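# Descriptive analysis of the structure
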Amino acid sequence: MLPTITLAPGREKSVLRRHPWIFSKAVAKEDNSIPPGSVVKVNAADCSFLALGIYSPKSQIRVRLLSFNEQDNIDAAFVQQRIENACELRQRLIARGNDGVRLVASEGDYLPGLIVDKYNEFLVIAISSWAAESLREHIIQALKKLYPDCSIYERSDSKSRLKEGLKARCGVIAGKEPDDIIYVKENGLIYLPIDIKNGHKTGGYLDQRQSRYKAYTLSKGARVLNCFSYTGGFGLWALKGGAARVENVDVSELALTHAKDGVVFNHLDPGRCRFLKKDVFAYLRQQTAKGEKYDLVILDPPKFAESAANLKQACRGYQDINRLGLSLVAKGGRLLTFSCSGLMEPTLFQKICADAALDAGVEAQVISTLRQDEDHVVSLPCPESFYLKGLVIAVR
């Protein structure tokens, strides 16, 4: 018999809407001796069944839900089916010339806390919660069955693991060690440099695939400023699109080295680009003071809002950076600006950019919106799985 978590009266509403998280404040009764990673049954206050999930006693998200069917067994077959369903969704994307694809997107694919990215013949898994940690061996076996020719590498080293009481774990699970840098084809046109072992997250940012293509369409003859450039994905697409010059700005020397190598690997003109190891905020202020102008400015910063407690501070950061970015856009030019903070609502982000334009003294219009690419699927009951918001802003 499974251990039971009982909710407080009235706290079952989100579960009935199939949201996958049970927060600690919603719990009325739990047995503190339940081991972390245990499958538990979640009941309403009247003892009626609600869902099955994985228990995490140290996290504010006490239970991450996996099924709303009391007859389900959370076992190897269950995990195999979930992963097969997720991979099937990505086949058309792979067929369109993409060697880098997110196969499993955590809550978006009903496997909370699990990311699986495929880079050519490497599968990279990142586990951030007990919900996925407890199923780790089933996950590995499912991936081996589906992709027998692929090596599997683990990058379970996120801050989220600490909140769950889990230690970081990285390294080869199956197959061979990846090279320091590998390249994956994107939209059949560009090879992106990916650093599996030492790069951010799993090594690359596949969620910006179509946004990078948008930059390509806006870059012909343009002076481009690519901020928080990482390994230079936006810059590569801008060069491919015919940019007159591209400035890639990042604080990581290693990332900039990979970006330089990416230009050479793609047979693009290194004479049309610069790689600047600088703090982006400081560089934007410097360029603004000098009166520099660009036809295309790209702002793709890291997550500013880590929690609801610092959302207000994050809003100030977004407003400041967008004010500076808009100040540098020439009349008739474009700003591509993003927020990857899940707590940042799209309407709030647009308001922040509107205030930034006012502060910068420019007239600006949103001409299109951008979002995480299609392999970063969003679960309808879990709006938190929609995290990446982008705006294409024209300066008049």
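First, a word on scope: everything that follows refers to the structure included in this document.

Reading the values: rules and limits
- The numbering scheme is per chain: residues are counted from 1 as the chain's sequence reads.
- pLDDT decides what is reported in this predicted model: residues at 70 or higher carry local features, side-chain atom pairs at 80 or more are listed and counted, and totals for whole chains, interfaces and linings draw on all residues regardless.
- Side-chain measures here rest on the full set of heavy atoms in the structure, leaving out hydrogens and waters.
- Cysteine sulfur atoms are paired as a disulfide whenever they fall within 2.5 Å.
- Only protein chains enter the area calculation, which uses a 1.4 Å probe; residues under 20% of their type maximum are buried, those over 50% are exposed, and those in between are partly exposed.
- When DSSP finds at least two bridges between two strands, those strands are taken to pair.
- Elements are defined by DSSP. Helices are runs of H or I of four residues or more, strands are runs of E of two residues or more, and each kind is numbered from the N terminus.
- Every residue pair with non-hydrogen atoms within 4.5 Å of one another is taken to be in contact.
- What counts as a ring pair is set by centres within 6.5 Å for rings of Phe, Tyr and Trp (its six-membered ring), and what kind of pair is set by the plane angle: stacked under 30 degrees, edge-to-face over 60, tilted for all other angles.
- Comment: the charge-over-ring label is applied if NZ (Lys) or CZ (Arg) is within 6 Å of the ring centre and within 35 degrees of the ring normal.
- Patches here: salt-bridge-free residues with over 30% relative accessible area, like charges joined within 9 Å, nonpolar side chains (Val, Leu, Ile, Met, Phe, Trp, Tyr) joined within 5 Å.
- Surface exposure here means Shrake-Rupley accessible area, sampled with a 1.4 Å probe, where a residue is shielded only by the protein chains that are shown.
- Here, a salt bridge means any Lys or Arg side-chain nitrogen found within 4 Å of an Asp or Glu carboxyl oxygen.
- Only four residue types enter the tally: Lys and Arg on the positive side, Asp and Glu on the negative side, with His and both chain ends excluded.
- Taken as the charge centre is NZ of Lys, CZ of Arg, CG of Asp or CD of Glu, depending on the residue.
- Axis definition: a line fitted to C-alpha atoms, over the contacting stretch in the case of helices. Angles run 0 to 180 degrees between N-to-C directions.

### Regarding the state of the cysteines
- One pass over the full model with this rule turns up zero disulfides.
- Of all cysteine sulfurs in the structure, the one in C150 sits closest to C87, which takes part in no disulfide; the separation is 10 Å.
- Here C353 is not cross-linked by a disulfide; its sulfur's nearest cysteine counterpart is in C315, at 11 Å.
- Relative accessible area serves as the criterion here: at 4%, C353 is assigned to the buried category.

### As for the pairing of strand β4 (residues 39-43)
- In terms of strand pairing, strand β1 (residues 4-7) meets β4 through three bridges, oriented parallel. By the bridge assignment for β4, T4 is matched with K41.
- Summarising the sheet, β4 and strand β5 (residues 49-55) pair through five bridges and their orientation is antiparallel. Across the sheet, V40 pairs through a bridge with G53, a residue of β5.
- What sits between β4 and β5 in their antiparallel hairpin is a turn of five residues, with C47 showing a positive phi close to 75°.

### Section: the side chain of N43
- Here N43 shows up in strand β4.
- Of the residues examined, N43 reaches a relative accessible area of 9% and is grouped as buried.
- Look past the residues within four positions of N43 in its chain and what remains in contact with it is T4, I5, T6, L7, S48, F49 and L50.

### Here's the deal with the packing of aromatic side chains
- In total, this model carries eleven aromatic pairs according to the counting rule given.
- Both rings, one in Y213 and one in Y216, keep their centres 5.1 Å apart while their planes meet at 35°; by these two values the pair is tilted. Here the residue Y213 and the residue Y216 both occupy positions in helix α7 (residues 209-217), the gap between them amounting to three residues, near one helical turn.
- On the basis of relative accessible area, Y213 is assigned to the partly exposed category, the value being 32%.
- Take Y216: its relative accessible area is 25%, and that puts it in the partly exposed class.
- Seen in terms of ring centroids, Y318 and F349 are 5.8 Å apart; in terms of plane orientation they differ by 80°. Their pairing is edge-to-face. In this pair, Y318 is assigned in helix α11 (residues 311-327) and F349 in helix α12 (residues 346-360), connecting sequence segments 31 residues apart. Considered together, Y318 and F349 belong to a single accessibility category, that of buried residues.
- Site record: aromatic cluster; members linked through ring pairs are F281, F304, Y318 and F349.
- We note K389 situated over the ring of F386; from NZ or CZ to the ring centre the distance is 5.9 Å.

### Some points on a positive patch on the surface
- Among the surface-exposed residues, K159, K163, K201 and K303 lie close enough to one another that they form a single positively charged patch.
- As for its placement among the helices and strands, K201 is situated in the loop between β13 (190-194) and α7.
- The class for K201 is exposed, based on a relative accessible area of 56%.

### A closer look at the sheet that holds strand β9 (residues 122-127)
- Read across the sheet, five strands follow the order β7-β8-β9-β10-β11 without closing on themselves; strand pairing throughout is mixed. The two strands at the open ends of the sheet, each matched to only one other strand, are β7 (100-105) and β11 (169-174). Sheet twist, expressed as the mean angle between neighbouring strand axes with direction ignored, is 20°.
- Here strand β8 (residues 114-119) pairs with β9 via six bridges, running antiparallel. Its bridge partner being in β9, I115 is matched across the sheet by A126.

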